[in-house]
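Breakdown of the fold
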Amino acid sequence: MTIRADNRLLDAPPVPVHCRRCDATVQVRKSSWAQTSVQWDAPAMAACAQRRAARALAGHDNGLFLVCSDLRATIEDAARRGEVPILDEVQANEA
Amino acid sequence: MDPETDEVRQIEAGAVPTRFARGWHCLGLTRDLGDGKPHTRNAFGQRLVVFRGADGRLNVLDGFCRHMGGDLSQGQVKGDDIACPFHDWRWGGDGRCTRVPYSRRVPKLARTTAWMTMEQDGLLFVWNDPERNPPPNHVEIPRIEGADSDEWTDWHWYTTVVNTNCREIIDNVVDMAHFFYVHGAMPTYFKNVFEGHVATQYMNGITRADFPPPADVPTLLGTTSVASYWGPSFMIDDLIYHYEHEDQHTVLLNCHYPIDANSFVLQYGIIVKKSANLPQEAAMQAAVGLGDFVKLGFEQDVLIWKNKTRIDNPLLCEEDGPVYQLRHWYEQFFVDAADVTPDMVDRFEFEIDTARPREAWQQEVDDNIANGVQVWVRG
């Protein structure tokens, strides 16, 4: 079965962000200041120091890893600098 | 005519998959299945027999006897074997025919399918793989801390048949808004993470104030939930209920196995952590009470599923969760292991902005209270 494309991505595709801590590159999309989606790939997963640390501690929480705070901060800064568009605001400005 | 605005969105839906997901599937509690009697399980489009032999092993075999097609699950356990009710042919847990009591010898090729099984935390799991490979190490089901602890209750368990393809229940992982409209919860935080064979939903919520609270229970302020599917069918939900005076720690299992492409067996189990305020009996009562509440929740889902159509191209707004990415993740279980692609297993995070939904929902709740409207009443 072919999985179709998310209609939201057709409207506004994600943009690359380089983490300032480990230089992992992820694809980021933000529809608002609080909404974020982050697509990782294998090199980014291997590069992320926090994720590696979480793996080392796995067992306590089954290895679940909620977020990398360095990456999160990088994305927030990128959004503030306008490198990651906030779609809410883009659409508000266009209107 | 503006083609942008006048075009009608068509619902698209392909056929349901013809194969069944690769992965560990829970068939039920070992305390039920391991009583030394044969048990029937209709799963993966076939009949299975589950039995514990005298050797203590819990076995899962193809349910139909290779001799004349008798239903082994209607037979008897004799020694380590299952005996067919039709002609008493004996089948061992490895799938080999061990004995035909009225014959000098067992014919060649007297072998049936034996399923790989695992007993863990009071649960029986069976490994399904259309390619017939054993499970890779990294797909194991994590242990559930409270399951074999005296500090927690035993499993309180429910089973029900749902007549739809099991993808519908998977969609719940990302469906933030339905928790308000279908289940009467008000999510305040919602995030999904998919990575490898694990799909996780982090959700915090508060109680709708326009709900009549159940009688004789303390006021529920909210819930914190971390729920992960470990593979295609087995979800462990670490679920904390925040009451006025204390937190109640629970584990909710939500698991299923497909009967066929258009029906599945939904099972859920609950254990509750005992506390000073919640000794054995009260904790078990709490488990039963929460179980009834969860049952109601699934019944609400089932009512929707029964009447909805399958949809492969859901039309999403920005406050919806990552339905498409979830389906990419889910697809990994329906292709050969060699055909699993990075877009199915690479880590993906999606945090919803709950501000706008909360604003709308609070307004709706306030209006209901002002107008004396009760949305619906808990059973």
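The structure displayed is predicted, hence computed values, not measured ones.

1. Considerations on the overall build of chain B
- For chain B, the count of helices and strands is 8 helices and 19 strands.
- Taking 379 residues into account, the globule formula puts the C-alpha radius of gyration at 21 Å, and chain B, at 23 Å, falls close to it.
- Along the first, second and third principal axes, the C-alpha atoms of chain B reach 80 × 65 × 35 Å.
- Taking all 379 residues of chain B together, the buried fraction comes to 35%.
- Expressed as a percentage of contacts within chain B between residues at least 6 apart in sequence, the contacts between residues at least 24 apart total 58%.

2. Looking at the overall build of chain A
- On a plain count of helices and strands, chain A comes out with 5 helices and 3 strands.
- Structurally, chain A occupies a C-alpha span of about 50 × 40 × 20 Å along its principal axes.
- Counting the 95 residues in chain A, one finds 25% classified as buried.
- Sequence-distant contacts, at least 24 apart, represent 47% of the contacts inside chain A between residues at least 6 apart.

3. Notes on the sheet that holds strand β13 (residues 185-195) of chain B
- With antiparallel pairing, 11 strands are arranged side by side in an open sheet as β1(A)-β2(A)-β3(A)-β19(B)-β13(B)-β14(B)-β15(B)-β16(B)-β17(B)-β18(B)-β12(B). At either end of the open sheet lies a strand with only one pairing partner, and these are β1 (15-18) of chain A together with β12 (156-162) of chain B. Within this sheet the neighbouring strands show an average axis-to-axis angle of 20 degrees, counted without direction.
- Where strand β3 (residues 36-39) of chain A meets strand β19 (residues 348-351) of chain B, 4 bridges bridge the pair, whose relative direction is antiparallel. Paired with Thr36 of chain A across the two strands is Glu351 of chain B, which belongs to β19 of chain B.
- Docked against the sheet, helix α5 (residues 280-307) of chain B engages β12, β17 (247-260) and β18 (263-272) of chain B, running at close to 155 degrees with respect to β18 of chain B.
- Across the sheet, helix α6 (residues 323-331) of chain B is in contact with β13, β14 (198-207) and β19 of chain B; its angle to β13 of chain B comes to roughly 40 degrees.

4. Things to note about the interface of chain B and chain A
- Each partner contributes to the interface: chain B provides 28 residues, whereas chain A provides 23 residues.
- Secondary-structure elements contributing two or more residues to the side of chain B that touches chain A are β14, β15 (220-230), α6 and β19 of chain B.
- Classifying every residue of the side of chain B that touches chain A gives 14 nonpolar, 5 polar and 9 charged.

5. A closer look at the domain arrangement of chain B
Residues and elements named next belong to chain B.
- Per the domain assignment, the segments of chain B are domain 1 (23-139) and domain 2 (149-370).
- Between the C-alpha centres of domain 1 and domain 2 the distance comes to 32 Å.
- Taken together, the 15 residues of domain 1 in the interface contact 16 residues of domain 2.
- Elements with a minimum of two residues in the side of domain 1 that touches domain 2: β1 (23-29) and β2 (39-43).
- In terms of residue class, the side of domain 1 that touches domain 2 is made up of 7 nonpolar, 7 polar and 1 charged.

6. Details of the environment of Val139 of chain B
All names here are of chain B.
- Within the secondary structure layout, Val139 lies in the loop between β11 (123-128) and β12.
- Put simply, Val139 and Ser149 are 10 residues apart on the chain and 24 Å apart in space, counted from C-alpha to C-alpha.
- Beyond its immediate chain neighbours, meaning those up to four positions away, Val139 contacts Gly23, His197 and Gly231.

7. Considerations on helix α4 (residues 69-80) of chain A
Residues and elements named next belong to chain A.
- Over its 12 residues, α4 runs 16 Å from end to end, which matches the ideal 16 Å to within 8%, given 1.5 Å per residue.
- Of all the residues in α4, the buried ones are Leu71, Thr74 and Ile75. Looking straight down α4, one finds its buried side chains confined to an arc of 100 degrees; they lie on one side. For α4, the exposed residues set more than 90 degrees away from the buried face come down to Ser69 and Arg80.
- Buried residues in α4 make contact with β1, β2 (25-29) and β3.
- Positive backbone phi, approximately 85 degrees, marks Gly82, located one or two places after α4.

8. Some thoughts on the nonpolar core
- Counting 81 residues, the largest nonpolar core has Val26 of chain A together with Val50, Phe234 and Leu326 of chain B as the members making the most contacts within it.
- Top element by residues in this core is β18 of chain B. It accounts for 6 residues.
- Counting the residues that make up this core, at least three belong to each of domain 1 (23-139) and domain 2 (149-370) of chain B.
- Ignoring sequence-local partners within four residues, the contact set of Phe234 of chain B consists of Trp24, Cys26, Ile141, Tyr229 and Cys255 of chain B.

9. Topic: the sheet that holds strand β8 (residues 97-99) of chain B
Residues and elements named next belong to chain B.
- Across the sheet, which stays open at both edges, the 4 strands sit in the order β5-β6-β7-β8 with antiparallel pairing between neighbours. Every interior strand has two partners, whereas the edge strands, β5 (76-78) and β8, have only one.
- Pairing between strand β6 (residues 81-83) and strand β7 (residues 90-91): 2 bridges, direction antiparallel. What sits directly across from Ile82, in β7, is Trp91.

10. Remarks on the environment of Trp33 of chain A
- Assignment of secondary structure puts Trp33 of chain A in the loop between β2 and β3.
- Sequence separation between Trp33 of chain A and Arg80 of chain A is 47 residues, and the spatial gap between their C-alpha atoms is 9.3 Å.

11. Points about the pairing of β11 of chain B
Residue and element names in this part refer to chain B.
- Counting buried residues along β11, 5 of its 6 residues qualify, which places the element largely inside the surrounding structure.
- The pairing of β1 with β11 spans 6 bridges and is classified as antiparallel. Bridged to Cys26 within β11 is Phe125.
- The sheet contact formed by strand β10 (residues 117-120) and β11 spans 4 bridges and is antiparallel.

12. Some points on unusual backbone geometry
- In the Ramachandran plot, Asp23 of chain A falls in the positive-phi region, its phi being about 70 degrees despite a non-glycine side chain.
- Note on placement: Asp23 of chain A falls in the loop between β1 and β2.
- Residue Asp23 of chain A is classed as exposed on the basis of its 11 C-beta neighbours within 10 Å.
- In this structure, Asp88 of chain B takes a positive phi of about 65 degrees despite not being glycine.
- With respect to the helices, strands and loops of the structure, Asp88 of chain B is situated in the loop between β6 and β7.
- Among the residues examined, Asp88 of chain B registers 17 C-beta atoms within 10 Å and is labelled partly exposed.

Thresholds, definitions, all that
Residues numbered from 1 in each chain as written. Chains lettered and ligands numbered in written order. Predicted model: local features only at pLDDT ≥ 70, side-chain atom pairs only at ≥ 80, totals over all residues. Helix = DSSP H or I, 4+ residues; strand = E, 2+ residues; numbered from the N terminus. Rg over C-alpha atoms; globule rule 2.2 N^0.38 Å. Buried ≥ 20, exposed ≤ 12 C-beta atoms within 10 Å, placed from the backbone. Contact = placed C-beta atoms within 7 Å. Pairing = 2+ DSSP bridges. Axes fitted to C-alpha atoms, helices over the stretch in contact; angles between N-to-C directions. Nonpolar A, V, L, I, M, F, W, Y, C, P; charged D, E, K, R; others polar. Domains from an automatic or database assignment. Expected span 1.5 Å × (residues − 1). Arc of directions from axis to C-beta. Core = buried A, V, L, I, M, F, W, Y, C linked by C-beta atoms within 7 Å.

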